[in-house]
Amino acid sequence: MTLTQLEYILAVADTGSFSHAARQCHVTQPTLSMQIQKLEEELGVILFDRTKQPIRATSVGEEVLQQARLVVKGSQHLKEIVDDAKGSLRGELRIGIIPTLAPYLLPLFLKKNQGRPQQFASDF
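So, here is what we can say about the structure in this document. Starting from 1, residues in each chain are numbered consecutively following that chain's sequence as written. The model is predicted, so local features are restricted to residues of pLDDT at least 70 and side-chain atom pairs to those at 80 or more, both for listing and for counting; the totals for chains, interfaces and linings are taken over all residues. Think of the side-chain values as coming from all heavy atoms in the structure, minus any hydrogens and water.

Here's the deal with the overall build of the chain
Here a strand is any run of E in DSSP of at least two residues, a helix any run of H or I of at least four, and the numbering for each starts at the N terminus. Within the chain one finds five helices and two strands. Only protein chains enter the accessibility calculation, which uses a 1.4 Å probe. A residue is then buried if its area is under 20% of the maximum for its type, exposed if over 50%, and partly exposed in between. For the chain, the residues scored as buried account for 24% of the 124 residues in total. Contact between two residues is taken to exist if any of their heavy atoms lie within 4.5 Å; hydrogens are not considered. Once local pairs closer than 6 in sequence are excluded, the contacts in the chain between residues at least 24 apart make up 44%. With residues, only the protein chains shown are counted as cover, and all accessible areas are computed by Shrake-Rupley using a 1.4 Å probe. Here the chain has roughly 9800 Å² of accessible surface; of this, 56% comes from carbon and sulfur atoms.

What follows is the structure, encoded as structure tokens:
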């Protein structure tokens with residue numbers, strides 16, 4: 001059992017479709033299906049009723065999905081703890097500055113880019 005497999009079953013449950021879940025997880029549909037099938041074989045249960053559209057979890061599948069959500073959320077929390085300990089911040093920062101002031105103010109707030117290209121978007 002892997003975190004990836006748990007993420008895959010959650011994606012199927014959330015989208016109701018193997019193909020939509022595969023797109024959401026950035027994998028091919030056969031890859032996603034194979035990993036879910038391996039998980040089902042390991043657990044010895046069928047997690048999804050594949051005969052209906054949208055795909056629905058079986059009764060035991062619902063219980064597995066509840067626990068999978070906790071495990072995946074816990075793994076994300078572990079990553080956040082480590083990031084906090086390292087003092088690193090992640091996320092997206094949006095700043096609105098009028099175009100006439102941007103060339104004068106942005107250099108005061110931005111560090112040297114260390115070889116990475118900067119992305120600036122403007123909505124004019």
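Here we look at the packing of helix α1 (residues 3–15) against helix α4 (residues 59–86)
Only the contacting stretch of a helix is used when fitting its axis, a line to C-alpha atoms as for every element, and angles between N-to-C directions run 0 to 180 degrees. In the contact formed by α1 and α4, the axes pass within 9 Å of each other and the chain directions differ by 125 degrees. Judged by the angle between their axes, α1 and α4 are oblique. Considering only the axes of α1 and α4, their crossing is left-handed. In contact with Leu3, Leu6, Glu7, Ile9, Leu10, Ala13 and Asp14 of α1, α4 contributes Val64, Leu65, Ala68, Arg69, Val71, Val72 and Ser75. Oblique is the label for every angle not falling under 35 degrees (roughly parallel), over 145 degrees (roughly antiparallel), or within 65 to 115 degrees (roughly perpendicular). For any pair of crossing helices, the crossing counts as left-handed if the nearer helix is rotated counterclockwise from the farther one by less than a right angle, and right-handed if it is rotated clockwise.

With respect to the pattern of salt bridges
By definition here, a salt bridge exists when the distance from a side-chain nitrogen of Lys or Arg to a carboxyl oxygen of Asp or Glu is within 4 Å. Under the counting rule described, the total for this entry stands at two salt bridges. For Asp14, the salt bridge identified is with Arg69, shortest N-O distance 2.8 Å. One end of the pair, Asp14, is in helix α1; the other, Arg69, is in helix α4, and 55 residues separate them in sequence. According to the relative accessible area criterion, Arg69 is partly exposed, its value standing at 39%.

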